[in-house]
Amino acid sequence: MQNEIAQLPWQIYRETLHNKGFVIIDNFLSEEQCDALRQQYDNPGLYRKTITMERYRFGKGEYKYMKYPLPPLIQSLREAVYEQIVPVANQWMEQVKSDTRYPPKLSELHELCAAHQQVLPTVLILKYQQDGFNTLHQDLYGDIFFPLQMVFMLTEPEADYSGGEFVITEQIPRAQSKANVLKPRKGSVLIFATNYRPVKGTQGYYRVNMKHGVSTVHNGQRFSLGVIFHDALT
Ligand SMILES: O=C(O)CCC(=O)C(=O)O
Ligand SMILES: [Fe+2]
């Protein structure tokens, strides 16, 4: 899996991340891998915490945080994609004139997280049913955060559910927000900015704040797997 990931045209994906703050890679997971992950939703041994989204007013639906050790497929995806996108994260830090630099390996990011008491895995699997949705948010879990994250689509739009678009908003300084509405197919991965992206202005780069969420699912069931790279305090 790690070798297959390394073979993808990452230079193009990195450019898209720079230009738009998100990129969709189709057919990243097979049908079988998606179905297997989805079936694991009901395997209680895999999870450390279940969140009913209504309770926190996060939306409507349910998600579960995985425990360490992660299933081998997810562990290797998380490591391999991190290594490909860490140059984007570092270039963003440079552009916004931050001193933060991210290490080349995910294990090194996790050492940094651990030094800030962030040791719990943030990988989560989400399930939305009819009328489910996810309010616009940012996945920050402590002082240490990696500025990009990914989400895998485990179900197929129109066939498995309707509605349920992935929404990313860009809050342009001194203007109203712009929305990007995405409908990635089953097996696709979407990589996107966790809190902001740099945009070139007349006087260097400025930060455009980004949030993401999921619009209302009208029918059916929508499953996704969110992979955040930093670990959490709680
Ligand atoms: O269900 C989705 O597509 C989005 C889930 C989410 O907020 C995330 O993975 O961070
Ligand atoms: Fe999220």
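Residues numbered from 1 in each chain as written. Chains lettered and ligands numbered in written order. Predicted model: local features only at pLDDT ≥ 70, side-chain atom pairs only at ≥ 80, totals over all residues. Heavy atoms only, no water.

If you check an unreviewed UniProt entry, the chain appears there as Fe2OG dioxygenase domain-containing protein from Chitinophaga jiangningensis. UniProt annotates the chain under Sequence similarities (unreviewed entry) with the comment "Belongs to the iron/ascorbate-dependent oxidoreductase family." (UniProt positions renumbered as here; feature names shortened; annotations may be inferred.)

S.K.: Sorry, what's going on with unusual backbone geometry here?
M.R.: Most peptide bonds adopt trans geometry, and most residues besides glycine take a negative phi value. Omega for the peptide link from Y68 to P69 comes to -10°, which places this bond in the cis form. By secondary structure assignment, the location of P69 is in the loop between β4 (62-66) and α4 (72-95). Of note, R174 is a non-glycine position whose phi angle comes to about 60°, a positive value. Tracing the sequence through the fold places R174 in the loop between β9 (166-171) and β10 (177-182). (Helix = DSSP H or I, 4+ residues; strand = E, 2+ residues; numbered from the N terminus.)

S.K.: Sorry if this is basic, but what is going on with the pattern of salt bridges here?
M.R.: If charged atoms from side chains of opposite charge come close, those side chains can pair. As enumerated under the stated definition, the model contains 9 salt bridges in all. E31 is the salt-bridge partner of K186, the closest N and O atoms lying 3.2 Å from each other. On the criterion of sequence distance, the pair formed by K186 in the loop between β10 and β11 (189-193) and E31 in helix α3 (residues 31-39) is long-range, its members being 155 residues apart. On the basis of relative accessibility, which here comes to 46%, the residue E31 falls in the partly exposed class. (Salt bridge = Lys/Arg side-chain N within 4 Å of Asp/Glu carboxyl O. Buried < 20%, exposed > 50% of the residue type's maximum accessible area, 1.4 Å probe, protein only.)

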